[in-house]
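Listed below are the residues making up each chain.
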Amino acid sequence: MTKVPEAKDAYIGRFAPSPSGPLHFGSLVAAVASYLDARSHQGSWLLRIDDLDPARESSTAPAEIVDQLLQHGLVWDGDILFQSSRLANYQQARKQLTADNRLYPCTCSRKDTPRIYAGHCLTNSLQDLSQPHAIRFHIKEPKLEIHDRLLGPIKWRQQLDMGDFIVLRKDGLNAYQLAVVVDDIYQGITDVLRGADLIHSTPLQLSLFKALNGTPPRYCHVPVVLAADGRKLSKQAFAETVSSKSAVDNIRNALDFLGQKHTKGHSVNELLESATRSWNVQAVPPLRGISEKT
Ligand SMILES: [Zn+2]
């Protein structure tokens, strides 16, 4: 199932918003960063819609996100991949992981589960499924590490910084981590540039890449945009939608946030072309406002 990039050094990046609402400034920054990094490597930039949780989604958001990206000059390559069309692939991956003894049913309630799950149900058998249960993935590695392109080496230790995590929820919905990794492998993603709020997902995804015999991408976690009260901008926190009417200013502001030069250009295309030529990931300012785990 692994799809190998065509050229040895090919770069394939992606932007994968969840359609809980239209893009706000924080998600625009993540899109601009991954777009510029891909384009400056003459790479592909793919769009994937993370539509796995209908209760949290807005039916109009996918079309709004697509329109916002186009109005901001952020044009992706190929077809949009909707995760809701990939359920059979996630099921196939769970089959493989089950055969390899990496999954177990977990009957713990969400409120009793600490953020780092210590494997309470690890000895439960997949044969005994009489109670409502989620399915968890077991991380075998005592520690995992990456060399983040911006943050340098980061290490995570089993049970301290990372624990077994859910791949299929009690309500039958696919959880985020497995779907991301199955699709990253399928699309041959070589580089992930995303907000540092997702950094705690990285070791979980690394363990899944290994278990599914996929090649993990290079990672680069960029700072997240914080609201005036210090919290991360999010759709849940009613962050303001970026208006396509002020697309040029929005791109300028995103480039400022990312520490990038933008001396030329009065249209989004001119700005993005000039920013692609001068893109320097090392100029992105250091992490702000999230707790670092090393
Ligand atoms: Zn449990």
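Everything numeric in this text was worked out from a predicted model, so none of it was measured.

Engineer: Describe the overall build of the protein, with residues and values.
Structural biologist: Of the regular secondary structure elements, the protein holds seven helices and ten strands. Each of the 294 residues in the protein was classed as buried or not, and the buried ones make up 50%. Taking contacts inside the protein between residues at least 6 apart in sequence as the whole, the part at least 24 apart equals 75%. In the form shown here, the protein has an accessible surface area of approximately 14,400 Å², with 51% of it arising from carbon and sulfur atoms.

Engineer: Break down the sheet that holds strand 4 (residues 103-106) for me, with residues and values.
Structural biologist: What the three strands build is an open sheet, ordered 4-5-8; its pairing is antiparallel. Either end of the sheet is taken by a strand with one partner, and the two such strands are strand 4 and strand 8 (165-168). Shown here is a sheet whose adjacent strand axes are inclined to one another by a mean of 50°, direction ignored. One ladder, built from three bridges, connects strand 5 (residues 134-137) with strand 8; its direction is antiparallel. What sits directly across from Phe-137, in strand 8, is Phe-165. Sheet contacts for helix 3 (residues 87-99): strand 4, strand 5 and strand 8; angle to strand 4, the most-contacted strand, approximately 100°.

Engineer: Run through the packing of aromatic side chains, naming residues and quoting values.
Structural biologist: Counted under the stated rule, the structure contains three aromatic pairs. Plain terms: the ring middles of Tyr-35 and Trp-45 are 5.2 Å apart, the flat faces sit at 90° to each other, and that makes the pair edge-to-face. One end of the pair, Tyr-35, is in helix 1 (residues 25-40); the other, Trp-45, is in strand 2 (residues 44-49), and ten residues separate them in sequence. In this structure an aromatic cluster arises from ring pairing among Phe-15, Tyr-35 and Trp-45.

Engineer: Run through the environment of Pro-286, naming residues and quoting values.
Structural biologist: Inspection of the secondary structure assignment puts Pro-286 in the segment after helix 7 (268-278). In this structure the C-alpha to C-alpha distance between Pro-286 and His-221, which are 65 residues apart in sequence, comes to 9.9 Å.

Engineer: Lay out helix 3 in plain terms, naming residues and giving numbers.
Structural biologist: The terminal C-alpha atoms of helix 3, which comprises 13 residues, lie 19 Å apart, in line with the 18 Å expected from a rise of 1.5 Å per residue. Along helix 3, the residues classified as buried are Tyr-90, Ala-93, Arg-94 and Leu-97. The arc enclosing the buried residues of helix 3, seen along the axis, measures out at 100°, which places them on a common side. Exposed positions of helix 3 whose direction lies more than 90 degrees from the buried face are Ala-88, Lys-95 and Ala-99. Its buried side turned inward, helix 3 meets strand 4, strand 5, strand 8, helix 4 (176-186) and helix 5 (202-211). Asn-101 sits one or two residues past helix 3 and shows a positive phi near 60°.

Engineer: Please provide a residue-by-residue account of the environment of Arg-14, values included.
Structural biologist: Mapped onto the secondary structure, Arg-14 falls in strand 1 (residues 12-15). Considering only alpha carbons, one finds Arg-14 and Arg-48, 34 residues apart in sequence, at a separation of 7.0 Å. Once residues lying within four places of it in the same chain are set aside, the contact partners of Arg-14 are Ser-34, Trp-45, Leu-46, Arg-48, Val-180, Asp-184, Ile-189, Asp-191, Val-192 and Arg-194. At 3.0 Å, the side chain of Arg-14 forms a polar contact with the side chain of Asp-184.

Engineer: Break down the coordination of the zinc ion for me, citing the residues and quoting the values.
Structural biologist: Ligation of the zinc ion by protein atoms is provided by Cys-106 (SG), Cys-108 (SG), Tyr-117 (OH) and Cys-121 (SG), these donors lying 2.0 to 2.3 Å from the ion. Classification of the site at the zinc ion as tetrahedral follows from its four donor atoms and the range of 102 to 123° in their angles at the metal. Linear spacing of the donor residues for the zinc ion on their chain is C-x1-C-x8-Y-x3-C. Remark: Cys-121 occurs in the loop between strand 4 and strand 5 and Cys-108 occurs in the loop between strand 4 and strand 5; sequence separation between them is 13 residues.

Engineer: Explain unusual backbone geometry to me, using residue names and the numbers behind them.
Structural biologist: A positive phi angle, close to 60°, is found at Asn-101, a residue other than glycine. Along the chain, Asn-101 falls in the loop between helix 3 and strand 4. Residues other than glycine seldom take positive phi values, yet Gln-159 does so here, at roughly 70°. Relative to the elements of secondary structure, Gln-159 occurs in the loop between strand 7 (152-157) and strand 8.

Engineer: Mind laying out the nonpolar core, listing which residues take part and the relevant values?
Structural biologist: Counting residues in each nonpolar core, the largest one holds 39 residues, and the members touching the most others are Val-32, Trp-45, Leu-69 and Leu-74. Sorting the residues of this core by element identifies helix 1, strand 2, helix 2 (61-71), strand 10 (218-222), helix 6 (247-257) and helix 7 as the ones contributing at least two each. Looking at this core, the element that brings in the most residues is helix 1, giving nine residues. The residues touching Leu-74, leaving out its near neighbours within four places in the chain, are Leu-28, Ala-31, Val-32, Tyr-35, Trp-45, Leu-69 and Leu-272. Leu-97, Phe-137, Trp-156 and Leu-206 belong to the second-largest nonpolar core, a separate cluster that totals 33 residues.

Reading the values: the criteria
- Residues numbered from 1 in each chain as written.
- Predicted model: local features only at pLDDT ≥ 70, side-chain atom pairs only at ≥ 80, totals over all residues.
- Heavy atoms only, no water.
- Helix = DSSP H or I, 4+ residues; strand = E, 2+ residues; numbered from the N terminus.
- Buried < 20%, exposed > 50% of the residue type's maximum accessible area, 1.4 Å probe, protein only.
- Contact = heavy atoms within 4.5 Å.
- Areas by Shrake-Rupley, 256 points an atom, 1.4 Å probe, with all protein chains shown as cover.
- Pairing = 2+ DSSP bridges.
- Axes fitted to C-alpha atoms, helices over the stretch in contact; angles between N-to-C directions.
- Phe/Tyr/Trp six-rings, centres within 6.5 Å; stacked < 30°, edge-to-face > 60°.
- Expected span 1.5 Å × (residues − 1).
- Arc of directions from axis to C-beta.
- Polar contact = N/O pair within 3.5 Å; in protein donor to acceptor, adjacent residues only side chain to side chain.
- Donors = N, O, S within 2.8 Å, 3.2 Å for Na, K, Ca; no water.
- Tetrahedral: all angles 85-135°; square planar, octahedral: opposite > 155°, others 65-115°.
- Core = buried A, V, L, I, M, F, W, Y, C linked by side-chain atoms within 4.5 Å.

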